[in-house]
Amino acid sequence: MTVAAQHTTPVKLWANSADSHFIEPADLWRSRLPKRLAELVPRTQKDADGRWETIYVDGQVFRRRLPSVAQQEFMAATVAAAGARDVSKRLADLDQEGIWSELVFPSLGMWSSSFRTPEVLREAMRASNDWAKETLMDYSSRLIPTAQVSTLDIDDAVRELMRCAAMGFKAVFLPVAPHPAQPDYHHDEWEPLWAAAEESRMVVAVHIGTEPIDFARGGSIGVTYHGPGGAVLNYTETSFGGQRAVMKLVACGALDRHPNLKVLVSEGGATWVPFIADRMEEGYRQHAMVVRPKLSRSPREIIYSQVYASFQHDSSAVAAATAMGFDNMLWGSDYPHIEGTFGHTQQTLHQLFDRVDEKIRDRVLFGAFHELFPDAPLPPSTAETTNTDHG
């Protein structure tokens, strides 16, 4: 005789995600730009044997080896989420995973720092923003797309940022470093962009892994190391660009001059923030005689009040929020990428937060997100428990 036992499934944890991506139509730029410009946007051509491909970007060419067939099949499976390319299926994916609102980064836009013709980049970014407004923002208030601006012409960037703010965008995506033709972010030339972002209350959303492609050195994407351990070394290396971007904005005084400007580094973890704050604090104090410019607030105060960071799986990030006093951290799913949590989001959230103080959990899953995006819709109750009888 079987005794029926009642089992309770884990409470569904809802979260907002500070990092996700939508895969735009491959012909987005080619279909929306004049032919003379469309010929310069990125395109790829695979060799007949499927082992190499040639990439063309704005008159620049490089070749890269493709993953093996097995690797390609595995990677394809990880982005099989129905809503990765089809917005009509996006919310069903989010509901299944327990994600309410999400910040949506581009996919094509990750190429933005690799253009070299200002007009092409300006028009490509404008086309992307119009498409994101029509396709994502207008579809659901749960989807918060990032605006895209030129890093080749700062005046173009300011104009497009202000246009996007008027359209309802709440964040602007920037690569971890500008195009090599421009001064780096810590130079005064970028001051108009920081001022415009603060004025329009646009969050500056820096996404890791977006360094400009160096075509002069073969154009490898995301490859710094070769040989033993290369895959892990290269993946870890991607996190450092976001940290450097924050350091530049703090040290040059940009964040000090614009105390209402918020910077989010997505997908790069969060435990690094207290360390960087300590290191910059020490450098500012111990080398005060040569430090320029002088800041009105300490580097730590600036970082803890204006810098935000998102992570996917990092248990150390939750510990940092608990033990180090840095609570400007957000969780992100990185939907639908291989590094993300699609398919196991609930398992991940429970592993990270089941034994965490409720106040800290709510801050990481909702509070910091709503601080950056106060107009984001409120999530459903987290007290969803389903009882199922098994005989």
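Residues numbered from 1 in each chain as written. Predicted model: local features only at pLDDT ≥ 70, side-chain atom pairs only at ≥ 80, totals over all residues. Heavy atoms only, no water.

Per an unreviewed UniProt entry, the recorded name for the protein chain is Amidohydrolase, and the organism is Mycobacterium noviomagense.

### Details of the sheet that holds strand 10 (residues 203–207)
With parallel pairing, the six strands of this open sheet are ordered in space as 8-9-10-11-12-13. At either margin of the open sheet sits one strand with a lone partner, and together these are strand 8 (147–148) and strand 13 (329–331). In the sheet, strand 10 pairs with strand 11 (residues 263–266) via four bridges, with the strands oriented parallel. By the bridge assignment, valine 204 is partnered in strand 11 with valine 263. In the packing of helix 15 (residues 358–372) onto the sheet, contacts are made with strand 10, strand 11, strand 12 (307–311) and strand 13, and the angle to strand 13 comes to roughly 115°. (Pairing = 2+ DSSP bridges. Helix = DSSP H or I, 4+ residues; strand = E, 2+ residues; numbered from the N terminus. Contact = heavy atoms within 4.5 Å. Axes fitted to C-alpha atoms, helices over the stretch in contact; angles between N-to-C directions.)

### Describing unusual backbone geometry
Geometrically, the link from arginine 292 to proline 293 is a cis peptide bond, its omega value of 0° lying close to zero. By the secondary structure assignment, proline 293 is in the loop between helix 11 (272–286) and helix 12 (299–306). Here the amide bond leading from tyrosine 335 into proline 336 is cis, since omega sits at -5°, within 30 degrees of zero. In this structure, arginine 201 takes a positive phi of about 60° despite not being glycine. Within the secondary structure, arginine 201 is located in the loop between helix 7 (191–200) and strand 10. For glutamate 267, which is not a glycine, the phi torsion comes out positive at approximately 75°. Along the chain, glutamate 267 turns up in the loop between strand 11 and helix 11.

### Quick notes on the pattern of salt bridges
Tallied over the entire structure, the rule returns 22 salt bridges. Of the charged contacts in the structure, one is a salt bridge between arginine 122 and glutamate 123, with a shortest N-O distance of 2.9 Å. Given the relative accessible area of 24%, glutamate 123 is considered partly exposed. Glutamate 191 is the partner of arginine 257 in a salt bridge, and the nearest nitrogen-oxygen pair spans 2.8 Å. Here the residue arginine 257 occupies a position in helix 10 (residues 254–257), and glutamate 191 occupies one in helix 7, the gap between them amounting to 66 residues. Among the residues examined, arginine 257 registers a relative accessible area of 39% and is labelled partly exposed. It is possible to trace a salt-bridge network through shared partners that takes in Arg122, Glu123, Asp156 and Arg159. (Salt bridge = Lys/Arg side-chain N within 4 Å of Asp/Glu carboxyl O. Buried < 20%, exposed > 50% of the residue type's maximum accessible area, 1.4 Å probe, protein only.)

### Considerations on the environment of glycine 59
Along the chain, glycine 59 turns up in the loop between strand 4 (52–57) and strand 5 (60–65). Leaving out residues up to four positions away in the same chain, glycine 59 has contacts with Leu40 and Arg116.

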